[in-house]
Amino acid sequence: MRVAIIGTGYVGLTTGVALAYLGHDVSAVDKDKRKLALLNSGGSPIHEPGLEALMTTAAPHLRYTDDTTGAVADAEVIIIAVGTPPKENGEADTGYVEAAAKEVADGLVAGRTYTVVVKSTVPVGTNRRVAHVVNRRLKERDVDATVHFASNPEFLREGAALADTFYPDRIVIGADHPDAINALHRLYRPLLEQTFTPPAFLPRPERLELPRLITTDTTSAEVAKYAATAFLALKVSFINEMAGLCEKVGANVIEVARGVGADSRIGPRFLNAGVGWGGSCFPKDTAALLRTAGDYGYEMPIVAAARVVNEKRRQAIVDKLQDSLKVIRGRTVAVLGLAFKPNTDDVRDSPSLDIIRCLLERGASIRAHDPVALCNAERALDGLDVALCTDPYQAAEGAEAILIATGWDDYRGLDLPRLAEAMKDAVMVDGVNLYDPATAQAAGLRYTGVGRG
Ligand code: NAD
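Residues numbered from 1 in each chain as written. Predicted model: local features only at pLDDT ≥ 70, side-chain atom pairs only at ≥ 80, totals over all residues. Heavy atoms only, no water.

Engineer: I tried to follow the overall build of the protein chain on my own but got confused; where do I start?
Structural biologist: A count of helical and extended segments in the protein chain gives 17 helices and 14 strands. Over its C-alpha trace the protein chain gives a radius of gyration of 23 Å, about what one expects of a compact globule, namely 22 Å for 453 residues. Taking all 453 residues of the protein chain together, the buried fraction comes to 53%. The contacts of the protein chain with a sequence gap of at least 6 include a subset with a gap of at least 24, amounting to 73%. With the model as given, the accessible surface of the protein chain reaches about 20000 Å², and the carbon-plus-sulfur share is 50%. Computed over 50 positive and 58 negative side-chain charges, the inter-centroid distance for the protein chain is 2 Å. (Helix = DSSP H or I, 4+ residues; strand = E, 2+ residues; numbered from the N terminus. Rg over C-alpha atoms; globule rule 2.2 N^0.38 Å. Buried < 20%, exposed > 50% of the residue type's maximum accessible area, 1.4 Å probe, protein only. Contact = heavy atoms within 4.5 Å. Areas by Shrake-Rupley, 256 points an atom, 1.4 Å probe, with all protein chains shown as cover. Lys, Arg positive; Asp, Glu negative; His and termini not counted. Charge placed at Lys NZ, Arg CZ, Asp CG, Glu CD.)

Engineer: How should I be thinking about the nonpolar core in this particular structure?
Structural biologist: Within soluble globular proteins, side chains that are nonpolar generally end up buried alongside one another. Within the largest apolar cluster, 61 residues are counted, with the highest numbers of intra-cluster contacts made by V333, L359, I366, I402, L416 and M428. Per-element tally for this core: the top contributor is helix α13 (residues 351–361), with 5 residues. In this structure L416 touches M428, Y435, T439, A440, A443 and L445, once residues within four positions along its chain are discounted. Grouped together as the second largest cluster of nonpolar side chains are 42 residues, L19, Y64, I79 and L191 included. (Core = buried A, V, L, I, M, F, W, Y, C linked by side-chain atoms within 4.5 Å.)

Engineer: Quick question: what am I supposed to make of the pairing of strand β1 (residues 2–6) here?
Structural biologist: Within a regular beta strand, the side chains point alternately toward one face of the sheet and then the other, so they alternate between its two faces. Burial analysis of β1 places 4 of its 5 residues in the buried class, the great majority of the element. Taken together, the 5 bridges between β1 and strand β2 (residues 25–29) define a ladder with parallel strand orientation. In the sheet register, I5 faces β2, and the bridge partner there is A28. In terms of strand pairing, β1 meets strand β4 (residues 77–80) through 4 bridges, oriented parallel. Bridged to A4 within β4 is I78. (Pairing = 2+ DSSP bridges.)

Engineer: So what exactly am I meant to see when it comes to the packing of aromatic side chains here?
Structural biologist: Describing an aromatic ring pair means giving the distance of the ring centres and the angle of the ring planes. In the structure shown here, the tally under the stated rule is 6 aromatic pairs. Judged by centre distance (5.5 Å) and plane angle (80°), the rings of Y21 and F166 are edge-to-face. Residue Y21 is located in helix α1 (residues 10–21), and its partner F166 is located in helix α7 (residues 161–166); the two are separated by 145 residues in the primary sequence. Among the aromatic side chains, those forming a connected cluster through ring pairs are Y21, F166, Y167 and F196. Positioned above the aromatic ring of F155, the side-chain terminus of R170 is 3.6 Å from the ring centre. One Lys or Arg, R204, reaches over the ring of F196 and ends 4.8 Å from the middle of that ring. (Phe/Tyr/Trp six-rings, centres within 6.5 Å; stacked < 30°, edge-to-face > 60°. Lys NZ or Arg CZ within 6 Å of the ring centre and 35° of its normal.)

Engineer: I'm lost on the site of the ligand in this one. Help?
Structural biologist: The environment of the ligand is formed by 27 residues, the closest being D30, K35, T84, E158 and K284. K35 has a polar side-chain atom sitting 2.5 Å from an oxygen atom of the ligand. Side-chain polar atom of S280 to a nitrogen atom of the ligand: 3.5 Å apart, as the coordinates give it. Contact with the protein chains hides 89% of the accessible area of the ligand, taken as 830 Å² for the molecule alone. Mapped onto the shell around the ligand, the elements with two or more residues apiece are α1 and α5 (95–107). (Near = heavy atom within 4 Å. Polar contact = N/O pair within 3.5 Å; in protein donor to acceptor, adjacent residues only side chain to side chain.)

Engineer: Hey, could you run me through the sheet that holds strand β9 (residues 332–336) in this one?
Structural biologist: By way of backbone hydrogen bonds, the strands of a sheet pair with one another, either parallel or antiparallel. With respect to topology, 6 strands assemble into an open sheet ordered β11-β10-β9-β12-β13-β14, the strand pairing being parallel. With partners counted over all chains shown, the strands left at the sheet margins are β11 (386–388) and β14 (446–448), one partner each. Strand-to-strand, the axes of this sheet are offset by a mean angle of 20°, without reference to chain direction. Both strand β13 (residues 427–430) and β14 contribute to a ladder of 3 bridges, which runs parallel. Bridge pairing links V427 to R446 in β14. (Axes fitted to C-alpha atoms, helices over the stretch in contact; angles between N-to-C directions.)

Engineer: What should I look at first to understand the domain arrangement of the protein chain in this one?
Structural biologist: By a widespread convention, an interface's size corresponds to the accessible area lost as its parts come together. Taken domain by domain, the protein chain comprises domain 1 (2–216) and domain 2 (305–448). Computed from C-alpha coordinates alone, the two centres of domain 1 and domain 2 are separated by 36 Å. Facing the 8 residues of domain 1 at the interface are 10 residues of domain 2. Of all residues in domain 1, Y10, H47 and E158 give up the largest surface area on contact with domain 2, accounting jointly for 76% of the area buried on that side. Across the domain 1-domain 2 interface, the total number found is 1 salt bridge. Between the two partners, domain 1 and domain 2, sit 4 residue pairs in polar contact (both at pLDDT 80 or more). Each residue belonging to the side of domain 1 that touches domain 2 can be placed in one class, and the counts come to 4 nonpolar, 2 polar and 2 charged. (Domains from an automatic or database assignment. Buried area = accessible area lost by both parts, 1.4 Å probe. Salt bridge = Lys/Arg side-chain N within 4 Å of Asp/Glu carboxyl O. Nonpolar A, V, L, I, M, F, W, Y, C, P; charged D, E, K, R; others polar.)

Engineer: Looking at this structure, I do not really get the pattern of salt bridges. What am I missing?
Structural biologist: Working definition: two side chains of opposite charge can pair if their charged atoms are close together. Throughout the structure, instances matching the rule amount to 24 salt bridges. Measuring nitrogen to oxygen at the nearest pair gives 3.8 Å for the salt bridge that ties R291 to D295. A residue pair is termed a helical-turn pair when its members lie 3 or 4 positions apart in one helix, as R291 and D295 do in helix α11 (residues 282–295) at 4 residues. What makes D295 exposed here is its relative accessible area of 54%. Connected via shared salt-bridge partners are R314, D349, D354 and R357.

Engineer: Could you clarify how one ought to interpret helix α12 (residues 301–325) in this entry?
Structural biologist: Note that an α-helix has 3.6 residues per turn; residues three or four places apart therefore point the same way. When the terminal C-alpha atoms of α12 are compared, their 36 Å separation across 25 residues agrees well with the 36 Å that a helix rising 1.5 Å per residue should span. K326 lies just past α12 and shows a positive phi near 70°. (Expected span 1.5 Å × (residues − 1).)

Engineer: Would you explain the pairing of β4 in this entry?
Structural biologist: Here β4 shows no split at all, with V77 and I79 on one side and I78 and I80 on the other all buried. Here β4 pairs with strand β5 (residues 113–118) via 4 bridges, running parallel. Bridged to I80 within β5 is V118. Read from β4 through α5 to β5, the crossover connection turns out right-handed. (Right-handed = clockwise from strand over helix to strand, strands pointing away.)

The following block contains the structure:
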């Protein structure tokens with residue numbers, strides 16, 4: 001099928017490249033000239049494992065452009081995947097989605113049939129609003145095109161975006177017209193039936209169950225995305241709350257999570273205690289959900305509590321450093337990990353950066369390392385005095401404490417005696433429980449993990 005995808009961020013680029021790999025002809029549109037220049041030279045503007053290699057494989061079916069009008073004119077399916085950043089009041093800003101919808105409508109051609117799909121995470125009613133914007137513009141232009149609309153929320157995880165795209169648990173389509181569902185069914189058939197040859201670096205998992213196709217009304221699809229995010233957020237907050245209790249009573253949260261996660265009703269995933277959640281989805285989407293509920297005079301105390309617990313995590317990590325160092329002012333802390341989670345360069349609402357800001361306010365000096373997020377972190381820290389280091393040992397040089405803030409695999413096999421040797425005072429706060437306390441202590445580190453009594 002001919003596809004136009006508007007927005008080449010984490011979602012749009014991954015989706016566009018995957019659809020091109022599956023054999024669809026994809027025009028990927030973005031307004032950001034720097035991104036386009038990089039994409040057209042074969043580079044990926046985001047760090048996502050396997051993405052750049054797949055861009056090369058899919059290149060014959062993929063083009064990048066800033067010309068929305070040209071891209072949508074002969075497309076059958078048009079996917080809007082632009083950002084919906086949070087406003088001050090927590091509401092999701094749908095301005096980019098509406099602007100994209102209007103630009104799409106400017107390019108539609110009389111006599112053709114299109115399916116316009118909103119993949120961005122949007123509050124209830126936005127799909128209706130997109131339909132209104134497109135239809136109004138078509139009327140203004142006096143263009144008689146047939147346009148169907150669908151909500152197709154995205155559930156991929158950064159860092160595992162391609163795996164989630166090729167092997168999803170489910171595909172949710174909210175639409176009022178069967179033709180919209182049929183168009184998306186055709187688009188996703190290779191995924192739904194798993195008939196494609198997997199990319200060499202991403203083999204099909206053994207015993208993979210075919211993805212479920214969930215078709216519903218648009219409002220339910222919109223809510224399903226927020227509900228899924230909120231549920232995962234509260235699962236993480238729940239285990240983090242348990243971690244606090246484990247520290248009080250002398251239990252080990254890793255053992256507790258094993259005991260809990262083995263229950264098939266609960267499952268083991270998202271039960272890793274740590275620095276708490278961040279990124280571009282959980283904080284923004286839980287805030288937007290509460291805002292929507294507020295608009296209806298409805299309270300959601302469970303989601304609100306998940307956010308409160310999460311905000312306290314960052315402070316709890318600073319407190320752990322303070323407990324070990326006693327005085328933070330004048331100390332040097334090495335922070336390993338700046339991305340909000342491993343395998344991504346995304347630092348939006350990263351717990352690590354918040355912790356750094358707090359430590360700086362308290363008078364610490366910071367030396368920081370991340371395998372891929374140094375540039376994004378430098379921009380996000382906006383002139384704050386942080387020494388960015390090219391490897392963990394350089395970061396540890398002369399530090400009095402090390403904080404592991406992101407669970408990168410690169411940090412799992414560190415030479416702990418070498419780290420301890422490089423430091424002035426060998427305190428380690430392992431915010432993501434990568435190390436066995438006894439091993440770290442044997443290496444000469446004064447080790448504290450999370451929720452390990
Ligand atoms: P992003 O900020 O990484 O990318 C958005 C892109 O859209 C940018 O490159 C921007 O230049 C481009 N853009 C904005 N307006 C445009 C326009 N009118 N025409 C062309 N391009 C335009 O965003 P993202 O992280 O990919 O998220 C996109 C949406 O998907 C959001 O609603 C987000 O909540 C949702 N989502 C994100 C994730 C994730 O893990 N990042 C997961 C699921 C859902």
